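Structure assessment
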Amino acid sequence: MVRVATLTPTPLLRMSPTQTAGAVTLARPCWGQFLETPRVSGKKEGAACGQSPEDRAKTVAEMKLILQTLGFPWHFVALEEVFGLSPSVLRCSAQEPVGAVGTYKVAVDSFLQQQHTLGTERAGGSPSPAQGEEWLSPPGTQESQDPAGPPPAAQTEALSRLFGSVKTLTAKEEFLHTLRTHLILHVARTHGYSKVMTGDSCTRLAIKLMTSLALGRGAFLAWDTGFSDERHGDVVVVRPMRDHTLKEVAFYNRLFAVPSVFTPAIDTKAPEKASVHRLMEGFLLRLQAQFPSTVSTVYRTSEKLVKAPRDGCAAGPRCLLCMCTLDVDAADSATAFGAQTSGFSQTQPPTPRAGAGAPTEAGGAQDRCRGAGPCGREDSRAQVIEQLCYGCRANMKDVPSLDLLPPYILAEAQLRSQRASQEIQEYLVENGAEEMQTAESRAWGHQESGARIA
Amino acid sequence: MAAPLSVEVEFGGGAELLFDGIKKHQVTLPGQEEPWDIRNLLVWIKKNLLKERPELFIQGDSVRPGILVLVNDADWELLGELDYQLQDQDNILFISTLHGG
């Protein structure tokens, strides 16, 4: 869905009520002032909704007209570009000073160079549909405000295949949200923005809160619905509109004739029970009609949520997709919860950091399933699943094949599990050395006591 | 006995998708026994303008929760909601604030 924000010179965000969650402004980091030169990012998700290229082009043209009158710099990003992201987007970077913004760009550029050379080696003619490497846009395109043309057809096809394979609308919506977040993060980091403002209104956040609870993301409510979300480290996501209900926004837009663009989204015209999101929206709005304090009560509750104190990115492993600290304790097999999550991993070992009992099993199991073929596929699926939080795991149940995922996710998953198994190997060596020492000292002890008796 | 009324019916926020994508409709409501109010208007819209999926627009007697109704740029709650009696040349605007259109 294309989303638009119109901005006045006083940075008040005005939006059409349907485009709530996505109109994004990116603020340049600056000393002293919070907002300066905001930029507007428009996202094109027509491929995920099955829109024809002509419709998408028309919508983009409409948006451009409006954005040009704003006087702010703006970017257009197509959702297909997720296939060109580098795995560094999934890594949480610590707070960096403005000058160091180049390190992310350097990482991205070197990744793109790598992939480009790999692509030109392998392509030689028609692109094969297996991996996303051949379809990367050359490094310059992502910098420009106005992309040269529509994204490559192969990427669009890959995107439609990905969303076509997801079984439920709930999973589709969640997945779309995740990909969109990654893409916005990428744009923000590439251009050196420290803050991203989204247009989530009070009503939308109340619905999101209840939906997150239903989808198993209760542990991360404070980040998902709070005013500021610092889980990505260097880029902070801020929600300035969270005090205003959709009704207020709609009235404002109408009374002040704010131009807006509406395009169908992935869930347009979906019946009420099509997904958890729709169901929760219907529930809350119906309740609101009879009890007008519903939305504000839910909103006030979300205000009271306190984030558990965490210092930077150091504390514990993070979920691969949503980048929240993992809330899964796979070693706890006594509960049904533990049984369900360990069921995802099939024959695979529990999370490498689980404890002393795990290392030997981990080493053994990984050796067993190292080969290619069906075992290798399960292995890579389990590899990804065990790095996800509970909510993301539940979501992945509806994604039958992980091969269709954008390559940066799979690459990062592999990197993390390799790193983890390296740590296990080190631990095993240390442990082995210790055991030898205790065995020796026990042997000495026996000898001595034997001598004494004799 | 009510005389025929000429009103402008507008749709926004995605609601227009249910009406062939047309946002503004200038309609002439025929004369009838009872005076025209929003309740009757909704029935008339359902019969004559709504092209598909009536359940996405109308729920029971009233509009689906999440669809705002403005009469002459004023909230219909201030005017009596369904019981507001339509005047000639009124502008009734339906804005959908729902994510799913």
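Our structure's up above, just so we're on the same page.
This structure is a prediction, so every number in the text was calculated from the model and none was measured.

Quick look at the overall build of chain A
Assigned secondary structure in chain A consists of 15 helices and eight strands. Looking at the 454 residues of chain A, the share that counts as buried comes to 50%. In chain A, once contacts between residues fewer than 6 apart in sequence are set aside, the share between residues at least 24 apart is 73%. Taken as a whole, chain A presents about 21,200 Å² of accessible surface, with 58% of it coming from carbon and sulfur.

Concerning the overall build of chain B
Within chain B one finds one helix and seven strands. Listed by position from the N terminus, the elements making up chain B come as β-β-α-β-β-β-β-β. Against the globule reference of 13 Å for 101 residues, chain B gives a C-alpha radius of gyration of 13 Å, in line with a compact fold. C-alpha extents for chain B along the principal axes are approximately 40 × 25 × 25 Å. Counting every position in chain B, which comprises 101 residues, the buried fraction comes to 56%. At a minimum sequence separation of 6, the contacts of chain B that also span at least 24 residues come to 57%. Counting only carbon and sulfur atoms, one obtains 49% of the accessible surface of chain B, whose full area is about 4,600 Å². Here chain B contributes 8 positively and 17 negatively charged side chains, and the mean placements of these two sets differ by 9 Å.

Here we look at the interface of chain B and chain A
Residue-level contacts link 27 residues of chain B with 22 residues of chain A. The contact between chain B and chain A buries some 2,200 Å² in all, and 59% of this surface belongs to carbon and sulfur atoms. If you sort the residues of chain B by the area they bury against chain A, L17, T97 and H99 of chain B come out on top, with a joint share of 29%. The interface formed by chain B and chain A holds four salt bridges in total. Among the salt bridges present, the one from D73 of chain B reaches R254 of chain A, with a minimum N-O distance of 2.9 Å. At the junction of chain B with chain A, the criterion picks out four residue pairs in polar contact (both at pLDDT 80 or more). For the side of chain B that touches chain A, the secondary structure elements donating two or more residues are β5 (67-71) and β7 (91-96) of chain B.

Looking at the pattern of salt bridges
Taken as a whole, this structure holds 21 salt bridges over all chains when the rule is applied. In the salt-bridge network here, residues are joined through shared partners; they are D200, R217, D224, D229, R231 and R239 of chain A.

Remarks on the nonpolar core
Counting residues in hydrophobic clusters, the biggest one holds 48 residues, and the most contacted among them are L79, V82, F163, L179, C319, M396 and Y408 of chain A. Elements supplying a minimum of two residues to this core: α4 (153-165), α5 (169-191), α7 (221-225), α13 (374-385), α14 (390-396) and α15 (407-453) of chain A. At nine residues, α5 of chain A tops the list of elements feeding residues into this core. Aside from chain neighbours lying at most four places away, what touches M396 of chain A is F175, L321, R381, I385, L388 and L402 of chain A. Membership of the second largest hydrophobic core comes to 32 residues, among which are A15, V63, V71 and L86 of chain B.

As for the side chain of R217 of chain A
Secondary-structure assignment places R217 of chain A in the loop between α6 (202-214) and α7. With residues near it in sequence (within four places) discarded, R217 of chain A still touches E174, S212, D224, R231, C322, C324, C389, G391 and C392 of chain A.

Describing the sheet that holds β7 of chain B
The strand order β2-β1-β7-β5-β6 (chain B) describes an open sheet built from five strands, whose pairing is mixed. Both edges of this open sheet fall to β2 (24-29) and β6 (74-75) of chain B, since each of them pairs with a single strand only. Contacts between helix α8 (residues 246-255) of chain A and the sheet are confined to β1 (5-12), β5, β6 and β7 of chain B, with β5 of chain B contributing the most and set at about 40° to the helix.

Considerations on the environment of F72 of chain A
Tracing the sequence through the fold places F72 of chain A in the loop between α2 (53-70) and β5 (74-78). Spatially, the C-alpha atoms of F72 of chain A and T203 of chain A are 28 Å apart, while their sequence positions differ by 131 residues.

Side note on the side chain of S6 of chain B
All names here are of chain B. For S6, the position within the fold is in strand β1. Accessibility expressed as a relative area gives 19% for S6, which makes it buried. Contact partners of S6, with chain neighbours within four places excluded, come to Q26, V27, T28, D88, Q89 and D90.

A short note on the packing of α6 of chain A against helix α9 (residues 276-290) of chain A
All names here are of chain A. The geometry of α6 relative to α9 is characterised by a closest axis approach of 9 Å and an angle of 125° between their N-to-C directions. Considering the angle they form, α6 stands oblique to α9. You can see that α6 and α9 cross each other, and the crossing is right-handed. Counting all contacts with α6, which are made through T203, R204, A206, I207, M210, T211 and A214, the residues of α9 involved are V276, H277, M280, E281, F283, L284 and L285. The residue makeup of the contact of α6 with α9, split by class, is nine nonpolar, three polar and two charged.

Brief notes about the packing of aromatic side chains
Aromatic rings in a pair are described by how distant their centres are and how their planes are angled relative to each other. Residue and element names in this part refer to chain B. The tally for this structure, following the rule as stated, stands at seven aromatic pairs over all chains. Seen from their ring centres, F11 and F57 are 5.9 Å apart, and the 70° between their planes marks the pair as edge-to-face. Of this pair, F11 sits in strand β1 while F57 sits in the loop between α1 (38-48) and β3 (58-59); the two residues are 46 residues apart in sequence, bridging distant segments of the chain. Comparing F11 with F57, the two get one shared label, buried.

Details of the pairing of β1 of chain B
Residues and elements named next belong to chain B. With seven of eight residues buried, β1 is to be regarded as a mostly interior element. The pairing of β1 with β2 spans six bridges and is classified as antiparallel. Within β2, the position partnered with S6 by the bridge is T28. Across five bridges, the pairing between β1 and β7 is parallel. Of the residues in β7, the one forming a bridge with E10 is L93.

Reading guide: rules and limits
- Residues numbered from 1 in each chain as written.
- Chains lettered and ligands numbered in written order.
- Predicted model: local features only at pLDDT ≥ 70, side-chain atom pairs only at ≥ 80, totals over all residues.
- Heavy atoms only, no water.
- Helix = DSSP H or I, 4+ residues; strand = E, 2+ residues; numbered from the N terminus.
- Buried < 20%, exposed > 50% of the residue type's maximum accessible area, 1.4 Å probe, protein only.
- Contact = heavy atoms within 4.5 Å.
- Areas by Shrake-Rupley, 256 points an atom, 1.4 Å probe, with all protein chains shown as cover.
- Rg over C-alpha atoms; globule rule 2.2 N^0.38 Å.
- Lys, Arg positive; Asp, Glu negative; His and termini not counted.
- Charge placed at Lys NZ, Arg CZ, Asp CG, Glu CD.
- Buried area = accessible area lost by both parts, 1.4 Å probe.
- Salt bridge = Lys/Arg side-chain N within 4 Å of Asp/Glu carboxyl O.
- Polar contact = N/O pair within 3.5 Å; in protein donor to acceptor, adjacent residues only side chain to side chain.
- Core = buried A, V, L, I, M, F, W, Y, C linked by side-chain atoms within 4.5 Å.
- Pairing = 2+ DSSP bridges.
- Axes fitted to C-alpha atoms, helices over the stretch in contact; angles between N-to-C directions.
- Parallel < 35°, antiparallel > 145°, perpendicular 65-115°, else oblique.
- Left-handed = near helix turned anticlockwise from the far one by under 90°.
- Nonpolar A, V, L, I, M, F, W, Y, C, P; charged D, E, K, R; others polar.
- Phe/Tyr/Trp six-rings, centres within 6.5 Å; stacked < 30°, edge-to-face > 60°.

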